[in-house]
Amino acid sequence: MGSYVGVVGMGVMGQSLALNIANHGYTVSVYNRHGEATKDFMESRVKAQKDKVTATYELKDFVDSLEAPRKVILMVKAGPVVDAVTDSLLPFLSEGDIVVDAGNSYYKDTSRRMADYAKKGISFFGMGVSGGEKGALVGPSIMPSGDKNLYDNYLGKLLTDISAHTEDGSPCCDYIGPEGSGQYVKMVHNGIEYGDIQIIDEAYFIMKNVLGMSNAEMADAFESWNNGRLDSFLIEITYKILREKDPDTGDDLIDHILDEAAQKGTGMWTAIEGLEMHMAIPTMAEAVFARNLSAVKDERVIASKVFTDKPSVSVEDRDALLADLEQAVYASKIMSYAQGFQLLEKASREHDWNLKLGDIALLWREGCIIRAKFLGRIKAAYDQSDGKVQNLMLTDEFRDEIKAAVPGWRRVVVKAIEAGVYVPTLANSLMYFDGYTSEFLSANLCQAQRDWFGAHTYHRDDQPHDLSFHHRWEELD
Ligand SMILES: NC(=O)c1ccc[n+]([C@@H]2O[C@H](COP(=O)([O-])OP(=O)(O)OC[C@H]3O[C@@H](n4cnc5c(N)ncnc54)[C@H](OP(=O)(O)O)[C@@H]3O)[C@@H](O)[C@H]2O)c1
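Residues numbered from 1 in each chain as written. Predicted model: local features only at pLDDT ≥ 70, side-chain atom pairs only at ≥ 80, totals over all residues. Heavy atoms only, no water.

Asker: Help me get a handle on the overall build of the protein, residues and values and all.
Answerer: Counting its regular elements, the protein contains 19 helices and 7 strands. Taken over the C-alpha trace, the protein has a radius of gyration of 25 Å; the compact-globule value for 477 residues is 23 Å, and the two agree within 12%. Taking the principal axes of its C-alpha atoms as reference, the protein extends roughly 75 × 65 × 45 Å. Taking all 477 residues of the protein together, 50% fall into the buried category. In the protein, of all internal contacts separated by at least 6 residues, the share reaching a separation of at least 24 is 68%. Only carbon and sulfur atoms are counted for the fraction: they give 53% of the accessible area of the protein, which is about 22900 Å². (Helix = DSSP H or I, 4+ residues; strand = E, 2+ residues; numbered from the N terminus. Rg over C-alpha atoms; globule rule 2.2 N^0.38 Å. Buried < 20%, exposed > 50% of the residue type's maximum accessible area, 1.4 Å probe, protein only. Contact = heavy atoms within 4.5 Å. Areas by Shrake-Rupley, 256 points an atom, 1.4 Å probe, with all protein chains shown as cover.)

Written as structure tokens, this is what we have:
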């Protein structure tokens, strides 16, 4: 009898996912373009699971080793590689076989592939997977999308079995919707992850440069935050990172790591998506800009030698500012999730995906990089509002906490600006809050300007909104 499922791609994620599948009692065949990776995997990582894992070194052997209808999970580099690998599988696959792309593919590519491969008799399915190497091994958060019948009949049990589970035993895997909605949700998850990371990094930077804290003091502060409402995987690894020693020098390792952040593109896709959807998602977009700015280290070094005068600020009550900082981080985090969930809500409406946003929050509760107790509260906010949330900041769950956080949040941002410390997500989350909660903005002047130079028209406050007006601002002749 053939293997229950196959995994193509024995990279970081593919190896872990194959082991996870085997650890749950399923038989799995594996294949990699370069056979050495498969051989290494079998020799170094497959131990107790030997009778569950079949190594193959030719695509035909791989496909032949699977039970029908075949379920092939692709864990390969996103982009054209997914098409290339699927195309090379096609000659060996049969009608009704299922190819599941588990990489960070662009959601429009996934939707296109579903339509294209359906014409060739193959069921193409998409799924976002989060949790990195360890999550893939012990239980990731999984966001599957495509034909619901395929999910219900062939994939759902396997995927929920191998996914992370919440404390009450709920799987962090659920059918998301049609087309590339799973990869869309994963993309927004990554955008939120960018925001969460940058918010924490700015808190570190304020602790270091405004409060003058040592790495050990900062680690203690983050650890104490992790015992409260900010309890999350990212805060946990932050305080552990700050305590890590460099084996070569004995110094704190963090002080030897260059301040140049890399990226693989999903944060950028989220920012672009926000722009295309005409949504304000500044926290996530600023997090991408922050990585871009960090990457031009050489230019920053030159500029820092031109503009040498960083203002010095004094802090009268360090404990009070540290408490304010916790408020600023928490409130900025809420803004980031508010933006992310608004983006998901709009995408759901535009594509007719019927996304269950509260349930999506729960999928991220465990297994993924943004896992946090906080996500249970977002689920609660959706449950309390019957699934209809205009903006998370307005919900009973978060409204009063934001009100309480705002004064400290402002003090922190003002202090950072006075000190010349770069805090784009803390500051722009506050700007988002101020903009979103303002009845009046300066856009009346913007519309007047647009009407002046381009006859773009405007609406009036004393006329129905469906009427447009143009004013003759100057005589043309
Ligand atoms: N790493 C993470 O934390 C993480 C988390 C979530 C999702 N993902 C996504 O998961 C997918 C896999 O990521 P990874 O971290 O496992 O990557 P990885 O370690 O770099 O492995 C990439 C895999 O893709 C294969 N590949 C690359 N080019 C190929 C080609 N032209 N033809 C056939 N196979 C090709 C590689 O095979 P060779 O060995 O032959 O080169 C390898 O098996 C990506 O879409 C990634 O974005 C990654």
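Asker: Could you give an account of the domain arrangement of the protein, naming the residues involved and the relevant values?
Answerer: Per the domain assignment, the segments making up the protein are domain 1 (5-179), domain 2 (186-436) and domain 3 (444-477). Inter-centroid distance (C-alpha atoms) of domain 1 to domain 3 is 55 Å. (Domains from an automatic or database assignment.)

Asker: Summarise the pairing of strand 7 (residues 141-145); cite the residues concerned and give the values.
Answerer: In terms of burial, strand 7 is largely enclosed, as 5 of its 5 residues are buried. Burial along strand 7 is two-sided: Ser141, Met143 and Ser145 and Ile142 and Pro144, pointing in opposite directions, are all buried. For strand 6 (residues 123-130) and strand 7, the ladder comprises 5 bridges, and the chain directions are antiparallel. Within strand 7, the residue paired with Gly128 across the bridge is Met143. (Pairing = 2+ DSSP bridges.)

Asker: Quick one: what's the story with the pairing of strand 1 (residues 5-8), residue by residue and with numbers?
Answerer: Burial along strand 1 is two-sided: the face carrying Val5 and Val7 and the face carrying Gly6 and Val8 are both buried. In this sheet, strand 2 (residues 28-31) lies alongside strand 1 in parallel orientation, the contact comprising 4 bridges. By the bridge assignment, Val7 is partnered in strand 2 with Val30. Viewed along the sheet, the connection from strand 1 through helix 1 (residues 12-23) into strand 2 turns out right-handed. In terms of strand pairing, strand 1 meets strand 4 (residues 71-74) through 3 bridges, oriented parallel. (Right-handed = clockwise from strand over helix to strand, strands pointing away.)

Asker: How would you summarise the site of the ligand if you had to cite specific residues and measurements?
Answerer: Taken together, 19 residues surround the ligand, and among them Val12, Met13, Asn32, Arg33 and His34 come closest. Between the ligand and the protein, one listed contact pairs an oxygen atom with a backbone N or O atom of Lys77 at 3.2 Å. Calculation on the ligand without its partners gives an accessible area of 900 Å², and the protein chains cover 73% of this total. Elements with a contribution of two residues or more to the shell around the ligand: helix 1 and helix 4 (80-89). Per-class residue counts for the shell around the ligand are 9 nonpolar, 7 polar and 3 charged. (Near = heavy atom within 4 Å. Polar contact = N/O pair within 3.5 Å; in protein donor to acceptor, adjacent residues only side chain to side chain. Nonpolar A, V, L, I, M, F, W, Y, C, P; charged D, E, K, R; others polar.)

Asker: Go over the sheet that holds strand 4 with me, naming the residues and quoting the values.
Answerer: Ordered by their spatial adjacency, 7 strands build an open sheet running 3-2-1-4-5-6-7, and the pairing between neighbours is mixed. Only two strands of the sheet have a single neighbouring strand rather than two, namely strand 3 (53-55) and strand 7. Each neighbouring strand pair of the sheet contributes to a mean axis angle of 25°, computed without reference to strand direction. Lying over the sheet, helix 4 contacts strand 1, strand 4, strand 5 (98-101) and strand 6, oriented at roughly 155° with respect to strand 4. (Axes fitted to C-alpha atoms, helices over the stretch in contact; angles between N-to-C directions.)

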